[in-house]
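Structural overview for review
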Amino acid sequence: MSTQPALTASKTAPLSPQFASLLFANVCEDDLASYSAEELEKAACIARAALFTFFEKEPPFYCCTNRARRNGKEIETLTIVSENKPFLLGSVLNVFNEQMVNLYFVAHPVIDIVYNLQQNCLHFTPASPQAGEVKKRISVMQFHFSTLAQETLKKIEKAVDLALNHLNFAVRDWQLMVQNLKDITKNYEDCAPQQCKKEAGEVVQFLDWLTQDHFTFLGLQHYCLKDGVNNAGKLKAGFGILSPECLHLQRNHAFEVLPEELISLLGGEELLVVTKANARSYVHRPVWLDYIGLKLFDEKGVQNGEIWILGLFTSTAYMSSVFDIPYLQRKAKNVIKSLGFDDSDHSGKALRNILETYPRDELFRTDVNTLIELSLIHISEPTRPER
């Protein structure tokens with residue numbers, strides 16, 4: 001981040017040119033050329049007012065839509081102020097892309113701000129705060145776009161609010177979700193049934209692999225079991241986008257409906273199920289969410305709970321070799337062992353290539369027998385010479 005100018009802004013004082021320079025510092029000059037100085041000053045005033053509202057009310061984030069002008073014509077602006085978080089800009093851009101809204105430009109400075117409670121002014125400086133001052137690293141985003149029908153604008157506002165709430169809850173509870181994974185690891189090491197020890201070891205390795213930048217944790221729920229029945233009405237704990245507060249805000253029942261694979265986890269022999277959720281992500285990438293289900297055990301090795309994890313596999317996970325992913329490694333090796341191909345011959349190399357290039361999302365969900373059948377079909381296809 002570039003060095004910030006020493007700058008103080010008061011809510012009632014005239015707008016400082018330095019503030020506008022700070023707001024639009026990383027916007028392309030060609031985009032700014034379509035605005036007069038007065039038009040940019042008005043947009044900067046909107047951002048400054050949003051900053052003061054954010055510090056005065058102290059919400060998790062603050063959004064507002066306003067009219068501004070570009071080349072003398074009226075346009076819409078969406079201004080967002082939030083403590084800086086990962087995936088913030090991308091999550092909002094997804095909303096505009098989904099609504100097919102063409103943006104004139106996006107201003108997105110990340111600023112260290114000291115707010116003086118007594119003087120009601122902002123110091124844009126990385127200096128250490130004094131008594132009565134609060135310092136935060138703030139992300140200010142301002143989106144400029146053409147005027148829209150009121151219905152479309154309301155739809156965008158609602159979608160942005162939902163995306164930011166999801167992001168806020170996920171970031172808030174991230175450390176708690178990682179701690180839950182550590183607790184699950186200990187549960188598997190200490191309490192997994194004797195007949196499942198080998199598979200339990202693979203689950204432990206898989207959970208460790210997830211935390212190594214291979215999974216973005218967005219939500220987690222812990223359910224207790226009573227007499228072998230899922231006590232869904234008595235949730236033990238919920239975090240991130242699966243926390244009770246977030247589920248209440250979104251009122252999206254798709255997040256509460258379990259995929260069939262997770263429902264079958266309770267009565268099946270598998271300790272771990274990886275599948276797709278019935279809802280798309282509002283955070284980071286607008287794709288179907290990944291769902292991971294795990295059994296939990298008491299000290300006697302009897303199942304007494306389930307953990308459901310919601311999130312996204314990272315690009316690093318998709319680029320990893322199937323033979324380096326604990327949960328998939330066993331599947332791939334079992335397919336190779338069952339078919340008995342020699343790694344050094346054509347069929348053996350072709351089989352490894354099939355497993356490496358098979359879509360990761362499907363590989364997690366496909367059982368070994370199906371993988372064997374599909375691999376044989378691909379291998380038996382005639383190879384045509386290139387022309």
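The structure reproduced in this document is the subject of the present report. The model shown is predicted, which means the values in this text are computed figures rather than measured ones.

Within the secondary structure layout, Lys331 lies in helix α11 (residues 326-339). Of the side chains with opposite charge, Glu270 lies nearest to the buried Lys331, which makes no salt bridge, at 7.6 Å. Discounting residues that sit within four places of it in the chain, Lys331 has contacts with Leu363, Phe364, Arg365, Thr366, Val368 and Leu371.

This part covers the pattern of salt bridges. Tallied over the full model, the rule gives 12 salt bridges. In this structure, Asp112 and Arg137 form a salt bridge, with 2.9 Å as the shortest nitrogen-oxygen distance. Of this pair, Asp112 sits in strand β5 (residues 110-116) while Arg137 sits in strand β7 (residues 133-146), and the two are 25 residues apart along the sequence. For the salt bridge of Asp361 with Lys276, the shortest nitrogen-to-oxygen distance reads 3.4 Å. Here Lys276 lies in strand β10 (residues 272-280) and Asp361 lies in helix α13 (residues 360-365), a separation of 85 residues in the sequence. Overall, the relative accessible area of 25% leaves Asp361 in the partly exposed class. Under the relative-accessibility criterion, Lys276 is labelled buried at 17%. Salt bridges linked by common partners bring Arg67, Glu74 and Glu76 together as one network.

What follows is about the nonpolar core. Core analysis: the largest hydrophobic core is formed by 45 residues, its most contacted members being Tyr188, Phe206, Leu210, Ile292, Leu294, Ile309 and Phe313. If you tally residues by element for this core, the top one is helix α7 (residues 197-210), at 7 residues. One finds Phe61, Val101, Ala277 and Leu310 within the second-largest nonpolar core, a separate group that totals 31 residues.

Right, let's talk about the pairing of β5 for a bit. Counted residue by residue, β5 has 6 buried out of 7 residues, so it is predominantly covered. Across 3 bridges, the pairing between β5 and strand β6 (residues 121-124) is antiparallel. Paired with Val114 across the two strands is His123, which belongs to β6.

Turning our attention to α11. Taking 1.5 Å per residue as the helical rise, α11 with its 14 residues ought to reach 20 Å, and the 21 Å between its terminal C-alpha atoms agrees with that figure. Residues of α11 that are buried include every one of Pro326, Tyr327, Leu328, Lys331, Ala332, Val335, Ile336 and Leu339, and no others. Against α7, β10, α12 (346-357), α13 and α14 (368-380) lie the buried residues of α11.

Turning our attention to helix α3 (residues 37-57). Helix length check: α3 (21 residues) gives 30 Å between terminal C-alpha atoms against 30 Å at 1.5 Å per residue, within 8%. Once α3 ends, the next one or two residues include Glu58, with phi positive near 55°.

What follows concerns unusual backbone geometry. Most peptide bonds are trans, and most residues other than glycine sit at a negative phi. Residue Asp213 is not a glycine yet carries a positive backbone phi of 60°. Following the sequence through the fold, Asp213 ends up in the loop between α7 and β8 (215-226). Among the residues examined, Asp213 registers a relative accessible area of 52% and is labelled exposed.

Attention shifts here to the environment of Thr357. Within the element layout of this structure, Thr357 appears in helix α12. For Thr357, a relative accessible area of 53% puts it in the exposed group. Separated by 36 residues in sequence, Thr357 and Ser321 place their C-alpha atoms 9.2 Å apart. Of note is the side chain of Thr357, whose polar atom sits 2.7 Å from the backbone oxygen of Asn353.

Relative orientation of the contacting elements helix α4 (residues 88-98) and helix α5 (residues 150-172) amounts to 150°, with a least axis distance of 9 Å. In this view, α4 runs roughly antiparallel relative to α5, as classed from their interaxial angle. Along this stretch, α4 crosses α5, giving a crossing that reads as right-handed. Between α4 and α5, the contacting residues are Leu88, Ser91, Val92, Val95 and Phe96 on the first element and Ile156, Ala159, Val160, Ala163, Leu164 and Leu167 on the second. Tallied by class, the residues present in the contact of α4 with α5 amount to 10 nonpolar, 1 polar and no charged.

It is worth spelling out the packing of helix α6 (residues 174-191) against α7 at this point. At a minimum axis separation of 9 Å, α6 and α7 run at an interaxial angle of 165°. Classified by the angle their axes make, α6 and α7 are roughly antiparallel. Relative to α7, α6 is oriented so that their crossing is left-handed. Side by side, α6 and α7 meet where Leu181, Ile184, Thr185, Tyr188, Glu189 and Asp190 of the first sit next to Lys197, Ala200, Val203, Val204 and Leu207 of the second.

What follows covers the side chain of Ser243. Topologically, Ser243 is positioned in the loop between β9 (229-240) and α8 (244-250). On the accessibility criterion, Ser243 (0% relative accessible area) is buried. Polar contacts involving the side chain of Ser243 include one to the main-chain carbonyl oxygen of Gly240, which spans 2.8 Å.

Parameters and conventions
Residues numbered from 1 in each chain as written. Predicted model: local features only at pLDDT ≥ 70, side-chain atom pairs only at ≥ 80, totals over all residues. Heavy atoms only, no water. Helix = DSSP H or I, 4+ residues; strand = E, 2+ residues; numbered from the N terminus. Buried < 20%, exposed > 50% of the residue type's maximum accessible area, 1.4 Å probe, protein only. Lys, Arg positive; Asp, Glu negative; His and termini not counted. Salt bridge = Lys/Arg side-chain N within 4 Å of Asp/Glu carboxyl O. Contact = heavy atoms within 4.5 Å. Core = buried A, V, L, I, M, F, W, Y, C linked by side-chain atoms within 4.5 Å. Pairing = 2+ DSSP bridges. Expected span 1.5 Å × (residues − 1). Polar contact = N/O pair within 3.5 Å; in protein donor to acceptor, adjacent residues only side chain to side chain. Axes fitted to C-alpha atoms, helices over the stretch in contact; angles between N-to-C directions. Parallel < 35°, antiparallel > 145°, perpendicular 65-115°, else oblique. Left-handed = near helix turned anticlockwise from the far one by under 90°. Nonpolar A, V, L, I, M, F, W, Y, C, P; charged D, E, K, R; others polar.

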